[in-house]
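# Descriptive structure summary
Here is how the chains run, residue by residue.
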Amino acid sequence: MEKSAVFNNRLLPYLLLIPQLIITFIFFYWPASQAIWQSFLREDAFGLSSEFVGLENYAALFAQPEYYRAMLTTAVFSSLVTVLSLGIALLLATQADKKIKAAPVYKTFMIWPYAVAPAVAGVLWFFMFHPSLGTLARPLRLMGFDWNPLLNGNHAMVLIIMAAVWKQIAYNFLFFVAGLQAIPKSVIEAGAIDGAGPMRRFWTITFPLLSPTTFFLLVVNIVYVFFESFGIIDAVTGGGPAGATTTMVYKVYADGRLGGDLGGSAAQSVVLMVIVIALTAIQFRYVERKVQY
């Protein structure tokens, strides 16, 4: 039997953890604590003077109909992007896992979009679907479809959803392919010998064994659509038209950076952080029960 490695230095685990803890404290806990404190203050647009106002920023925030509209927009946007990006990525991953010619090249091309920054991805899709100059908008007009994301809120929402899904598919695809390759082929072959068809083998064997990967990607995608999609929205629609694509994270930026309401913006960021933490906790509390490790 092989001897297991034993580290007698009790300080070594803590020394290895210290760099990560420092980075986490500097870039997460410290800004989060500053945002919480700032949410109780009323500050001028330049941050030169402040006044403690307690929960006044939160009361003013939940009295705004625009904030509830941003919540609804965020719910629709996050749900569609998460479902579509996971579903399409899983479909592409199952096809890439088959024995086909030039499979490595195909997988490489599928991963490339993840290297594109969110703002750049938004600009690419905006140019393709620009109502006047877009190469893909012209066929829509020829078919009689009055496509105009600059004036139509529903069209603008569809556009940012497509851009966000395209950007995230590559990340999900990478993990799904790795998860599929980790499934023993003997288990799939046993199901085929027992007479199970391709679809039955997928839903009864492959998909349950992919549940740890799917659960991880579900958590990551929720965080992505709540935070990292800001660049796409800012580059494509700027929250418009008429606030139709203003999500919660973009409203934090619009009210704080553009509107000069630093206290109200901080209160929105705290509410957004609480919502994301609550969603993550719910997923670990209820969804993880169905994960088969």
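See the structure above.
Everything in this summary refers to the structure shown in the same document. Keep in mind the model is a prediction, meaning the values are calculated, not measured.

What counts and how
- Residues numbered from 1 in each chain as written.
- Predicted model: local features only at pLDDT ≥ 70, side-chain atom pairs only at ≥ 80, totals over all residues.
- Heavy atoms only, no water.
- Helix = DSSP H or I, 4+ residues; strand = E, 2+ residues; numbered from the N terminus.
- Buried < 20%, exposed > 50% of the residue type's maximum accessible area, 1.4 Å probe, protein only.
- Contact = heavy atoms within 4.5 Å.
- Areas by Shrake-Rupley, 256 points an atom, 1.4 Å probe, with all protein chains shown as cover.
- Lys, Arg positive; Asp, Glu negative; His and termini not counted.
- Charge placed at Lys NZ, Arg CZ, Asp CG, Glu CD.
- Salt bridge = Lys/Arg side-chain N within 4 Å of Asp/Glu carboxyl O.
- Phe/Tyr/Trp six-rings, centres within 6.5 Å; stacked < 30°, edge-to-face > 60°.
- Axes fitted to C-alpha atoms, helices over the stretch in contact; angles between N-to-C directions.
- Parallel < 35°, antiparallel > 145°, perpendicular 65-115°, else oblique.
- Left-handed = near helix turned anticlockwise from the far one by under 90°.
- Nonpolar A, V, L, I, M, F, W, Y, C, P; charged D, E, K, R; others polar.
- Core = buried A, V, L, I, M, F, W, Y, C linked by side-chain atoms within 4.5 Å.
- 1 Å grid on protein atoms, 1.4 Å probe; cavity = no way out; pocket = protein on both sides within 12 Å on 5 of 7 lines; lining within 4 Å.
- Points joined across faces, edges and corners; volume = space filled by probe spheres on them.
- Patch = residues over 30% accessible without salt bridge, like charges linked within 9 Å, V, L, I, M, F, W, Y side chains within 5 Å.
- Expected span 1.5 Å × (residues − 1).
- Bend = angle between axes of the 7 residues up to and from the residue.

### A word on the overall build of the chain
- If you tally the helices and strands in the chain, you get 13 helices and two strands.
- Dimensions of the chain, computed from C-alpha atoms along their principal axes, come out at roughly 70 × 70 × 30 Å.
- Here the chain holds 293 residues, and the buried ones make up 41% of them.
- In the chain, of all internal contacts separated by at least 6 residues, the share reaching a separation of at least 24 is 68%.
- Only carbon and sulfur atoms are counted for the fraction: they give 69% of the accessible area of the chain, which is about 17600 Å².
- Averaging the locations of the 19 positively and 15 negatively charged side chains of the chain gives two centres separated by 15 Å.

### A short note on the pattern of salt bridges
- Per the stated rule, a full pass over the model turns up three salt bridges.
- Here Glu51 and Arg42 are joined by a salt bridge, their closest N and O atoms 3.3 Å apart.
- For Glu51, a relative accessible area of 44% corresponds to the partly exposed category.
- Since its relative accessible area comes to 37%, Arg42 is described here as partly exposed.

### Some remarks on the packing of aromatic side chains
- Throughout the structure, instances matching the rule amount to 20 aromatic pairs.
- With centroids separated by 5.7 Å and ring planes inclined at 55°, the aromatic side chains of Tyr250 and Tyr253 adopt a geometry described as tilted. With Tyr250 and Tyr253 both in helix H12 (residues 248–258), this residue pair falls three residues apart, about one helical turn.
- When its relative accessible area of 5% is taken as the criterion, Tyr250 is described as buried.
- Through pairs of rings, three or more aromatic residues link up here, namely Trp125, Phe129, Phe145, Trp147 and Trp166.

### Side note on the packing of H12 against helix H13 (residues 262–286)
- Interaxial distance between H12 and H13 falls to 8 Å at its minimum, and their mutual angle equals 165°. What the angle tells us is that H12 and H13 run roughly antiparallel. Along this stretch, H12 crosses H13, giving a crossing that reads as left-handed. Touching Met248, Val249, Lys251, Val252, Asp255 and Gly256 of H12 are Leu262, Ser265, Gln268, Ser269, Val271, Leu272 and Ile275, all from H13.
- Split into classes, the residues belonging to the contact of H12 with H13 amount to seven nonpolar, four polar and two charged.

### Some remarks on the environment of Ala192
- Structurally, the position occupied by Ala192 is in helix H8 (residues 185–193).
- Separated by 125 residues in sequence, Ala192 and Tyr67 place their C-alpha atoms 53 Å apart.

### A short note on the nonpolar core
- Counting residues in each nonpolar core, the largest one holds 50 residues, and the members touching the most others are Phe77, Val81, Leu159, Ile160, Phe173, Phe176 and Ile232.
- Broken down by element, the residue count for this core peaks at 13 residues, all from helix H7 (residues 153–182).

### A short note on the side chain of Thr213
- Inspection of the secondary structure assignment puts Thr213 in helix H10 (residues 211–228).
- A relative accessible area of 18% means that Thr213 is categorised as buried.
- Each residue touching Thr213, except ones within four places of it in the same chain, is listed here: Phe175, Phe176 and Gly179.

### Some remarks on the layout of surface pockets
- Empty space within the largest pocket amounts to approximately 740 Å³.
- Considering the residues around the largest pocket, the lining is formed by 20 residues, among which Thr94, Asp97, Lys98, Ile188 and Thr206 are closest to the centre.
- At seven residues, helix H9 (residues 198–209) tops the list of elements feeding residues into the lining of the largest pocket.
- Tallied by class, residues from the lining of the largest pocket come to eleven nonpolar, three polar and six charged.
- Each pocket or cavity is described by its volume, and for the second largest pocket that value is around 410 Å³.

### Considerations on a nonpolar patch on the surface
- Nonpolar side chains collect at one region of the surface, where Leu11, Tyr14, Leu15, Ile18, Ile22, Ile23, Phe25, Ile26, Phe27, Phe28, Tyr29 and Trp30 lie side by side and expose about 1300 Å² of accessible area between them.
- Examined against the element boundaries, Ile22 turns out to sit in helix H1 (residues 12–38).
- Since its relative accessible area comes to 44%, Ile22 is described here as partly exposed.

### Re the packing of helix H4 (residues 103–111) against H7
- Running from N to C, H4 and H7 cross one another at 145°; their axes reach a closest spacing of 8 Å. Between H4 and H7, the contacting residues are Lys107, Met110 and Ile111 on the first element and Ile169, Ala170, Phe173, Leu174, Val177 and Gln181 on the second.
- Looking at the contact of H4 with H7 residue by residue, the class counts come to seven nonpolar, one polar and one charged.

### Remarks on H1
- End to end, H1 covers 38 Å across 27 residues, agreeing with the expected 39 Å (1.5 Å per residue, within 8%).
- At Phe25, H1 is bent by approximately 45°, the largest bend along its length.

### Describing the environment of Lys185
- By the element assignment, Lys185 lies in helix H8.
- Lys185 gets classed as partly exposed once you look at its relative accessible area, which sits at 43%.

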